[in-house]
Amino acid sequence: GGEDGGAAGPGEGAPAPHAPPSEVGWLRGLSGDMTVADGAGEGAAVLQGRSNFSTALAWRGCGPGRWYYEVVARGGGAIQVGWAAPGSFAARSDAGEGVGDDAAGSSWGYDPARAQAFVGGASRPFPSATAAAPAAERVVGCAYDADAGTLSYWSDGTPLGVAFRGVPGAGLCPAFSVDGGVVLDVAIGPTFPGGLPDGHRAVREADVPQAAAGDATGPP
């Protein structure tokens, strides 16, 4: 979870089932308070945490194949970036619970600064127990292989390897949790600062999850 377990800020608590649309149509806020704006280029956004460990999803459900997106964190503080099952994942900003912290195990997260991978409310070293934290503002790539059921990460275009195995074979969305003050640049494609790995597709090409069908308040 986040590094600050303090009191809740405005808008924190259990996620609303139908959160209002953000300023960027493909993002959906789940818990906590954050600002969202368009980034530099198509399929890019800038998130800034304004409360203790805010969480959002990129509202794209990835089907069969291999999928990829990238983030760059600025401003210090904890982040957990990865993937989540949109129908079952619940984040709690007030408790410092974000991506990878839900007891149900329906999300998977990684914090490069702490070199930790998170799932089911537990964490472990990744990519190794002796891994050094990457330099500030490195490009972190996040990949979902729906066919193999694995989640992998990159750092500045260098593969870090598989962080999670046995994940669901379809339907996961990119997910991000950030501490207050952290600025997160998110790119879902078609272009990426670190380049698209061979054999992968940009998350931007994925479909809107079926859970959003008929939901007039959710992103398009």
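These remarks concern the structure in this document.

How each quantity is defined
- Residues numbered from 1 in each chain as written.
- Predicted model: local features only at pLDDT ≥ 70, side-chain atom pairs only at ≥ 80, totals over all residues.
- Heavy atoms only, no water.
- Helix = DSSP H or I, 4+ residues; strand = E, 2+ residues; numbered from the N terminus.
- Buried < 20%, exposed > 50% of the residue type's maximum accessible area, 1.4 Å probe, protein only.
- Contact = heavy atoms within 4.5 Å.
- Areas by Shrake-Rupley, 256 points an atom, 1.4 Å probe, with all protein chains shown as cover.
- Salt bridge = Lys/Arg side-chain N within 4 Å of Asp/Glu carboxyl O.
- Pairing = 2+ DSSP bridges.
- Phe/Tyr/Trp six-rings, centres within 6.5 Å; stacked < 30°, edge-to-face > 60°.
- Lys NZ or Arg CZ within 6 Å of the ring centre and 35° of its normal.
- Disulfide = S-S within 2.5 Å.
- Axes fitted to C-alpha atoms, helices over the stretch in contact; angles between N-to-C directions.

## Concerning the overall build of the chain
Helices and strands together make up the secondary structure of the chain, namely zero helices and 15 strands. When the 220 residues of the chain are sorted by exposure, 50% land in the buried category. In the chain, the proportion of contacts linking residues at least 24 apart, taken out of those at least 6 apart, comes to 66%. Total accessible area computed for the chain in this model is approximately 8900 Å², and 51% of it derives from carbon and sulfur atoms.

## Brief notes about the pattern of salt bridges
Evaluation of the coordinates by the stated rule reveals seven salt bridges. Ionic pairing is found between D94 and R92, a salt bridge with its closest N-O pair at 3.1 Å.

## Some thoughts on the pairing of strand β1 (residues 27–31)
For β1, the tally of buried residues reaches four of five residues, placing the bulk of the element in the interior. As paired strands, β1 and strand β4 (residues 54–58) are joined by four bridges and run antiparallel to one another. Looking at the pairing, G29 lines up with A56 of β4.

## So, the packing of aromatic side chains
Enumeration according to the criterion identifies eight aromatic pairs in this entry. The interplanar angle of 90° and the centroid separation of 5.3 Å between the aromatic rings of Y110 and F126 together place this pair among those described as edge-to-face. Taken together, the residues span a long stretch of sequence, with Y110 in strand β7 (residues 107–111) and F126 in the loop between β9 (122–125) and β10 (140–145) at a distance of 16 residues. Accessibility expressed as a relative area gives 3% for Y110, which makes it buried. Grouping aromatic residues by their ring pairs yields a cluster made of Y69, W83, Y144 and F176. Against the face of W59 rests R28, its NZ or CZ located 4.2 Å from the ring centre. One cation-aromatic arrangement involves R124 over F164; the distance from NZ or CZ to the ring centre is 5.4 Å.

## A word on the pairing of β4
With respect to burial, β4 is a largely interior element, five of its five residues being buried. Where burial is concerned, the two faces of β4 agree: the one with S54, A56 and A58 and the one with T55 and L57 are both buried. Sheet topology note: the β4/strand β13 (residues 173–178) ladder contains four bridges and is antiparallel. Following the sheet pairing, S54 is matched in β13 by V178.

## A short note on the state of the cysteines
According to the stated counting rule, one finds zero disulfides in the structure shown. In this structure C62 is not part of a disulfide, and its nearest cysteine sulfur, from C173, lies 6.9 Å away.

## Remarks on the sheet that holds β13
The strand order across the open sheet built from seven strands is β1-β4-β13-β6-β7-β8-β9, with neighbouring strands paired in antiparallel fashion. Strand pairing shows two members of the sheet lacking a second neighbour, β1 and β9, which therefore form its edges. This sheet shows a mean twist of 25° between the axes of neighbouring strands, independent of strand direction.

From the geometry alone we can't say anything about function, so treat these as descriptive.
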